[in-house]
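The chain contents come next:
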Amino acid sequence: MPFRIKRYYGYIIATIVSLSLPFITIAGNHIFLLSFDKKQLHLMGTVFDMQELYMMPFLLMLLFIGIFAATAIGGRVFCGWACPQTIFRVIYRDLIETKLLGLRKRISNKQKNPDYSKKENIGKRIIGILLWSILALIASANFIWFFVPPEDFFTYIMNPSEHGVVVGMLLGTAAFLIYDVIFLKEDFCIYICPYSRIQSVLYDENTFQAIYNPNRGGEIYDGDKSKIVFKQKDLQEESNECTTCEKCVTVCPTHIDIRKGLQLECINCLECVDACTTVMGKLGKESLVQWSSNSAIDTGTKTKVFRTLTYMYGAAIVAIFAMLFVMGGTKEYMILDINKEARLFKIKAENEVTNSYLMLFKNTEPNKHTYKLEVVGKYADQLVIKRFKEATLKSGASTKDILILSAKEKMPEGNHQITIKSYATDEPDRVFLFKELTFVYPPHSKLK
Ligand code: SF4
Ligand code: SF4
């Protein structure tokens, strides 16, 4: 099966995943949602409040190291097989312009742009732009669903006058996609995308890429990258197999000649591999352009997928996953900040000693809860909560309050480390956390 068809399957899977992911929820929480509106991050069905975004650096590290590892092993595999830019260009250029409207003659020739000024092409061009504009709006909405969940998004766009930001994002992103896919085209990959700039430093001898075999095909370019062979008869040795048919060049969406070697414009779509496979196949030979590595081409051995570099990336990814797992396991189901007031203690009538604390309570759960506090551990029998009974908070709501603890009986003077347990009355075994506080008991000489 040609790589082009395999890529199409990849695009279908990527599209289904991208369109369905925002709608999948676990216990009411999304798989991935970065909501600026509600100041929450949903990850695999767990909600993290903005104050708990200690996971974010690990997620970013995972993203970057994952990209570096994928590039070191498979080159720009993401560009050719899953990048929205490539998928959108294939939809517009190969499906709409070529297959549906016949504006372009063949998928195998991406060099020749249609003459849009021709009378018979103007109508087709307009239909093409309209079709892509509809798809661009869907793609734009899909992008926004990762920041504004679909359940809110559809309510918001029904009322555009009150939700100008969301409507503006939707139209702005769609407008960019229309300009990008129809007018900017592969120039985005070549001149704007930063990934193409860093890819070459991540490559090594064993990185998979579209690669021409000059040992079999013959050198088409000299050391200065100037073309020295234009036609078959120019080839100095008859043993050189390249027919100079240029099929690998005309099919290339970024308009490069892979026989020149690795170039930052190459998006790893492997169309050139398919093209040469067809040409060489007719001659009963193997393709001169292959998805292989420099070491395999030079030595004729297999590409080493498992090597020091990949082990190092693998170890880094496992370590970050372990840290994420540990962090996820210590997720707090509410935010509770308790700070002692400046005054260390108060001695009331009958030698009652109290300590006051300033408290910030926030419900980070998707459901409404009523929270209670209790003193637990060593001092559970000696201290009582004098102020703060319970707080009922809906999802995302917070409250500030004063907490006053009182010593029921005489305690040793000095600082005492005490433990407070906070829990939701409806789910005390799941939604709870412990806080360590300091209770100060005055010198006994100060008591009456
Ligand atoms: S050289 Fe062109 S056709 Fe070949 S993989 Fe790179 S971008 Fe695709
Ligand atoms: S498709 Fe193959 S045979 Fe034709 S020019 Fe390219 S490398 Fe040479």
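In the block above lies the structure referred to throughout.
The notes below deal with the structure included here. (Residues numbered from 1 in each chain as written. Chains lettered and ligands numbered in written order. Predicted model: local features only at pLDDT ≥ 70, side-chain atom pairs only at ≥ 80, totals over all residues. Heavy atoms only, no water.)

1. A word on the overall build of the protein
Across its full length, the protein carries 14 helices and 16 strands. Scaling as 2.2 N^0.38, a compact globule of 448 residues should have a C-alpha radius of gyration of about 22 Å, whereas the protein reaches 32 Å, well beyond that. Evaluated residue by residue, the protein yields a buried proportion of 45% over its 448 residues. Long-range pairs, those at least 24 residues apart, make up 65% of the contacts in the protein with a sequence separation of at least 6. Carbon and sulfur atoms provide 62% of the accessible area of the protein, an area that totals close to 24000 Å². The positive charge centre, built from 54 side chains, and the negative charge centre, built from 45, are 3 Å apart in the protein. (Helix = DSSP H or I, 4+ residues; strand = E, 2+ residues; numbered from the N terminus. Rg over C-alpha atoms; globule rule 2.2 N^0.38 Å. Buried < 20%, exposed > 50% of the residue type's maximum accessible area, 1.4 Å probe, protein only. Contact = heavy atoms within 4.5 Å. Areas by Shrake-Rupley, 256 points an atom, 1.4 Å probe, with all protein chains shown as cover. Lys, Arg positive; Asp, Glu negative; His and termini not counted. Charge placed at Lys NZ, Arg CZ, Asp CG, Glu CD.)

2. Brief notes about the site of ligand 1
If you check the shell around ligand 1, you find 13 residues, and the closest are C252, C266, C269, L270 and C272. One can see that ligand 1 is located within the largest cavity. Each residue belonging to the shell around ligand 1 can be placed in one class, and the counts come to 10 nonpolar, two polar and one charged. (Near = heavy atom within 4 Å. 1 Å grid on protein atoms, 1.4 Å probe; cavity = no way out; pocket = protein on both sides within 12 Å on 5 of 7 lines; lining within 4 Å. Sits in = over half its atoms within 2 Å of the grid points. Nonpolar A, V, L, I, M, F, W, Y, C, P; charged D, E, K, R; others polar.)

3. Quick look at the packing of aromatic side chains
Per the counting criterion, the structure on display carries 18 aromatic pairs. Where F208 meets W291, the ring centres are 4.6 Å apart and the plane angle is 25°; that geometry is what we call stacked. Here F208, found in the loop between α9 (195-202) and β6 (209-212), pairs with W291, found in strand β7 (residues 289-292); they are 83 residues apart in sequence, far enough to count as distant. Linked through ring pairs, F3, W81, F208 and W291 together constitute an aromatic cluster. A cation over a ring is seen here: R125 above Y116, with NZ or CZ 3.7 Å from the ring centre. (Phe/Tyr/Trp six-rings, centres within 6.5 Å; stacked < 30°, edge-to-face > 60°. Lys NZ or Arg CZ within 6 Å of the ring centre and 35° of its normal.)

4. Observations concerning the layout of surface pockets
Size it by volume and the second largest pocket reaches roughly 360 Å³. Among the elements of the structure, α11 (247-250) and α12 (271-282) are those that each provide at least two residues to the lining of the second largest pocket. Top element by residues in the lining of the second largest pocket is α12. It accounts for six residues. Each residue belonging to the lining of the second largest pocket can be placed in one class, and the counts come to five nonpolar, four polar and six charged. (Points joined across faces, edges and corners; volume = space filled by probe spheres on them.)

5. Brief notes about a nonpolar patch on the surface
Judged by side-chain polarity, M1, Y9, I12 and I16 come together as a nonpolar surface patch covering roughly 460 Å² of accessible area. Among the residues examined, M1 registers a relative accessible area of 62% and is labelled exposed. (Patch = residues over 30% accessible without salt bridge, like charges linked within 9 Å, V, L, I, M, F, W, Y side chains within 5 Å. Salt bridge = Lys/Arg side-chain N within 4 Å of Asp/Glu carboxyl O.)

6. Quick word on empty space enclosed by the protein
Summed over all chains, the structure comprises three cavities of 30 Å³ or more. Lining the largest cavity we find C248, C252, P253, T254, I256, I258, C266, I267, N268, C269, L270 and C272. A class-by-class count of the residues in the lining of the largest cavity yields 10 nonpolar, two polar and no charged. Taken as a whole, the second largest cavity encloses approximately 90 Å³ of empty space.

7. Regarding the packing of helix α4 (residues 84-100) against helix α7 (residues 164-184)
Closest axis-to-axis distance for the α4/α7 pair is 9 Å, and the angle between their directions is 65°. Considered as vectors, α4 and α7 are oriented roughly perpendicular to each other. For the crossing formed where α4 meets α7, the hand is right-handed. Packed against α4, whose contacting residues are Q85, F88, R89 and Y92, the element α7 presents L177, D180, V181 and I182 at the interface. Of the residues in the contact of α4 with α7, the class split is five nonpolar, one polar and two charged. (Axes fitted to C-alpha atoms, helices over the stretch in contact; angles between N-to-C directions. Parallel < 35°, antiparallel > 145°, perpendicular 65-115°, else oblique. Left-handed = near helix turned anticlockwise from the far one by under 90°.)

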